[in-house]
Amino acid sequence: MAEQSGDPTSPDHPDGLAGGGGLATGPIGPETVGDDTDVVETRLRAVIAAARHHGIDLDRHDFRQAAADTVPAPAALVEWLRNAGLWAKATRLRWRDLVKFTNAAPVVLLFRDGSAGLLIQGEAKRDIVWIKDPRAAAADPPVAVDRLRLEQVWGGEVLLVRRARGAEQEDSPFTLGWLMRLVLTERPILRNLGFSSVALSFLSIVPPLLVMVVINQVVVHRNMSTLTMITMILLIAVVFETLLSFARRELVLVLSARIDTVLNLHVFNRLLALPLDFFERNQAGKTTYEVSQIMYIREFITGRMMTTLLDLVTLLIMVPVLFMISATLTWFVIAGSVVVALVIAAFLPALRVLTGKVIQAESAKGSVMVETVYGIRTVKSLALEQSRKDLWDERVADAATLRLKSGRLARWPMAISLPVERFIERGILLIGAYMILTGASEVDVGALIAFMLLGARVAQPLISMAHLAEEFEQVNASVAIVGNVLNQPPETRGADRGLRPRFEGAISFSDVTFTYPLSRQPALEDLTFEVPAGSTLGVVGRSGSGKSTVTRLLQAINRDYTGFIKIDGVDLREINLTHLRRSFGVVLQDNFLFRGSVRDNIIANRPGLTLDDVVRASRMAGAEEFIERLPQGYDTWIEEGSPNLSGGQKQRLAIARAIISDPRILILDEATSALDPESEALVNANLARLAKGRTMIVVSHRLSSLVDCDAILVLDRGKVVDLGPHKALVERSSIYRQLWLQQNRHLDPQGRSAPGPILAQGDD
Ligand SMILES: Nc1ncnc2c1ncn2[C@@H]1O[C@H](COP(=O)(O)OP(=O)(O)OP(=O)(O)O)[C@@H](O)[C@H]1O
Ligand SMILES: [Mg+2]
């Protein structure tokens, strides 16, 4: 029955959605449809409310959109939710899906006019749904809406929001057990695989049994009608077998593809979640090689293991049939298979050791290759080709020797078990014939032939199971290797933890002491200083004095410090890591540019940024003039490692990339050190503009680029020596004065530097 929607059954709240109009008067959602920003606001609020239901506070400012009055696209909303660590999906539902909806989490209904409502619950019995206006107070109850009313404003678009599922699965360590659980999640496919295998096994029993009948009945008794019938049955069996195995192959393919996809996604997620520390400690080549081992594991699971398990099904069905034909012969088959298994088992421990060594050698070999390719510039320019070749030769030889050795060892179980396998295939015939000759009533000619045909199918799975154990060792080693990378403690567990405050940009360090892992001396000791929001802090000090470490701690790249680092009074450890890093813009001395156009590199896949933003950021970074001179302007293609750009151009692109999202805090760590004086002057001239409205930390060897900073922090061996503006420091700090005089000998200490002295000096 259609409910009178303006009169919700909820007695204490007759008033519908915001504005008092309720549903009876028109669109659900804001009644001010003409006002676009209001519509947008409603939609965003609906999403925020849906996220809050899962305990996550979305920051309104994290959502990027082209303009304030364009309707937020479902895809952009999904992205926003996913970034906050939720599971979200934009999809279409029908009315009958809505009414079946029980009060789990709210669903965001996206209305045609760009606004939205929150579906709280459906009531199939009365054919109504309960909807809440996102702008209503939290305590306000939802309103009942019938189909007619809703479909006036709603075309089926919804946004489903959930807590990210599978988080536990993702957090648990990578082991073989984990992989098995992954395979088992594909239950429907596995079930169908099981069914088809059982059916196929039965089908494969039929022909040998019929052969038995043909020989015993048809040939011996010359029975034509039986032959015709048997021919028909065989034909039908062949048709079924063909269809079934065709279908089964499809299932295996789908299963492999799915497992492959999940594994790949998972591995990459895990890899990206590892702290920077890990990548600094481990060679890129080694890590890449180790992670790529996952391929073998997947191949094993969906290849050898799957076929063997399916064969096992066949085995379980066939063994009873064999026993029916001849128990004695069946025992011979089983005994033979057991012997093969025992032989392989005897060699397993030795094989395991060798396999481990082979994999290690392969990994060492692989890392030489990857490292050489990564460092090819250095290899070429220092003419290191020969020494790299020597190293490669050595590793190749090691790997080859070990492979040979393990192959030789693996030959033995094969050699020993081969006669046994042949016995199962052919010896059984002889024993059967002997039994017939000596008049054992158990076997006749037909049965013997049927047994021959079936026996091979039983022995094969038994033997391949034994071989499976051998391969299993290899896979286990691979799992350990991949786990060695993936089971490192990640930087964060779940992107949804932590506060997401809106930063002003005030930074404070108090008693911060930090020692790098494996290092004996602290890189920073009892550091205490403050940077007011919106000001510029210069950081100077000798090489190794801890300047970069300060910026690393601030970005929470290293987190095992003692003391407190606060941004706007909030402890850094409490802040959501993704949110924190997004609030920073960082430019280093050497910045990596990805393959893609200039524009893509500056946007770097952040949603909601347009070419206008790119142009604005490039102008601020002093990059506009050279980009416009490039052959295709903003669409010029940059290769990996950007060989077609000069150092200064690269640097200015990196600055544009850092500031395009208008970060509250900008860190420049030796960003201009590698630049020629002209580019440096260009960037420095823009610094004041870059600094406007944000906190900026500029690390530089060149004091001349810091004289305008609100304060300069002087570090020495991880300790604060002094903090103050340039003028004060020149007067009171001897270290600073010394540095200044070294770099600007010809200037008076109070003076400002001109581009000249920068030219003259050449620090690292
Ligand atoms: N990843 C790391 N692992 C171990 N020790 C490190 C690491 N990075 C830096 N250190 C050590 O910490 C100390 C401070 O290094 P930091 O990089 O902060 O110096 P810096 O002032 O930035 O030097 P530079 O001017 O050369 O860039 C140095 O003694 C350095 O050896
Ligand atoms: Mg440094």
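Reference entry: report on the structure contained in this document. (Residues numbered from 1 in each chain as written. Chains lettered and ligands numbered in written order. Predicted model: local features only at pLDDT ≥ 70, side-chain atom pairs only at ≥ 80, totals over all residues.)

### A few points about the overall build of the protein
Here is the rule: A run of H or I in DSSP counts as a helix once it spans at least four residues, and a run of E counts as a strand once it spans at least two, with each numbered from the N terminus. To assign burial, the other C-beta atoms lying within 10 Å of each residue's own C-beta are counted, with C-beta atoms placed from the backbone; 20 or more indicates buried, 12 or fewer indicates exposed, and intermediate counts indicate partly exposed.
Per the secondary structure count, the protein includes 25 helices and 18 strands. The burial tally for the protein puts 33% of its 764 residues in the buried class.

### Let's talk about the nonpolar core
What counts is decided by this rule: Take the buried Ala, Val, Leu, Ile, Met, Phe, Trp, Tyr and Cys residues, join any whose C-beta atoms are within 7 Å, and the set you get is a nonpolar core. We call two residues in contact if the C-beta atoms placed from their backbones are at most 7 Å apart.
Core analysis: the biggest nonpolar cluster contains 71 residues, and Ile655, Ala656 and Ile659 have the highest contact counts within it. Top element by residues in this core is helix H21 (residues 647-659). It accounts for six residues. Apart from the residues lying within four places of it in its own chain, the contact partners of Ile655 are Val587, Ala621, Ala671 and Val683. Core analysis: the second largest hydrophobic core is formed by 37 residues, Ala46, Leu110, Leu119 and Ala144 among them.

### Some points on the sheet that holds strand S17 (residues 711-716)
Put simply, the rule reads: The rule for pairing is simple: two strands pair if DSSP sees at least two bridges between them. Structural elements are reduced to axes, namely lines fitted to C-alpha atoms, with helices fitted over the stretch in contact, and the angle between N-to-C directions of any two is expressed from 0 to 180 degrees.
Across the sheet, six strands lie side by side as S12-S15-S16-S9-S17-S18; this open sheet has mixed pairing. Each edge of the sheet is formed by a strand with only one pairing partner; in this case those strands are strand S12 (584-587) and strand S18 (719-724). Taking each pair of neighbouring strands and ignoring which way they run, the sheet shows an average axis angle of 15°. The pairing of S12 with strand S15 (residues 665-669) spans four bridges and is classified as parallel. Bridging across to S15, Val587 finds its partner in Leu668. Here H21 sits on the sheet in contact with S12 and S15, set at roughly 175° to S12.

### As for the site of ligand 1
The criterion, for reference: Whether a residue is near a molecule or strand depends on its C-beta atom, placed from the backbone, lying within 6 Å of it.
Around ligand 1, the structure places Glu280, Tyr516, Ser519, Ala523, Gly541, Ser543, Gly544, Ser545, Gly546, Lys547, Ser548 and Thr549. At three residues, the largest contribution of residues to the shell around ligand 1 is made by helix H16 (residues 547-554).

### Description of the packing of helix H7 (residues 187-221) against helix H8 (residues 224-273)
Helix packing for two helices is described by the angle between their axes and how far apart those axes are. Put simply, the rule is: For classification purposes, angles smaller than 35 degrees are called roughly parallel, those larger than 145 roughly antiparallel, those between 65 and 115 roughly perpendicular, and all remaining angles oblique. Crossing handedness: left-handed means the near helix sits turned counterclockwise from the far one by under a right angle, and right-handed means the same turn made clockwise. Classification used: nonpolar for Ala, Val, Leu, Ile, Met, Phe, Trp, Tyr, Cys and Pro, charged for Asp, Glu, Lys and Arg, polar for all others including Gly.
Two elements in contact, H7 and H8, have axes whose closest approach is 9 Å; the angle formed by their N-to-C orientations is 155°. Of the possible angle classes, the one that applies to H7 and H8 is roughly antiparallel. In the packing of H7 onto H8, the handedness of the crossing is left-handed. Residue composition of the contact of H7 with H8, by class: 22 nonpolar, six polar and two charged.

### Structural notes on the sheet that holds strand S3 (residues 116-123)
Read across the open sheet, the six strands follow the order S1-S6-S2-S3-S4-S5; overall the sheet is antiparallel. Bordering the open sheet on either side are strand S1 (86-92) and strand S5 (143-146), each of which pairs with just one other strand. Each neighbouring strand pair of the sheet contributes to a mean axis angle of 35°, computed without reference to strand direction. Where strand S2 (residues 107-111) lies against S3, four bridges are found, and the strand directions are antiparallel. Of the residues in S3, the one forming a bridge with Leu109 is Gly117.

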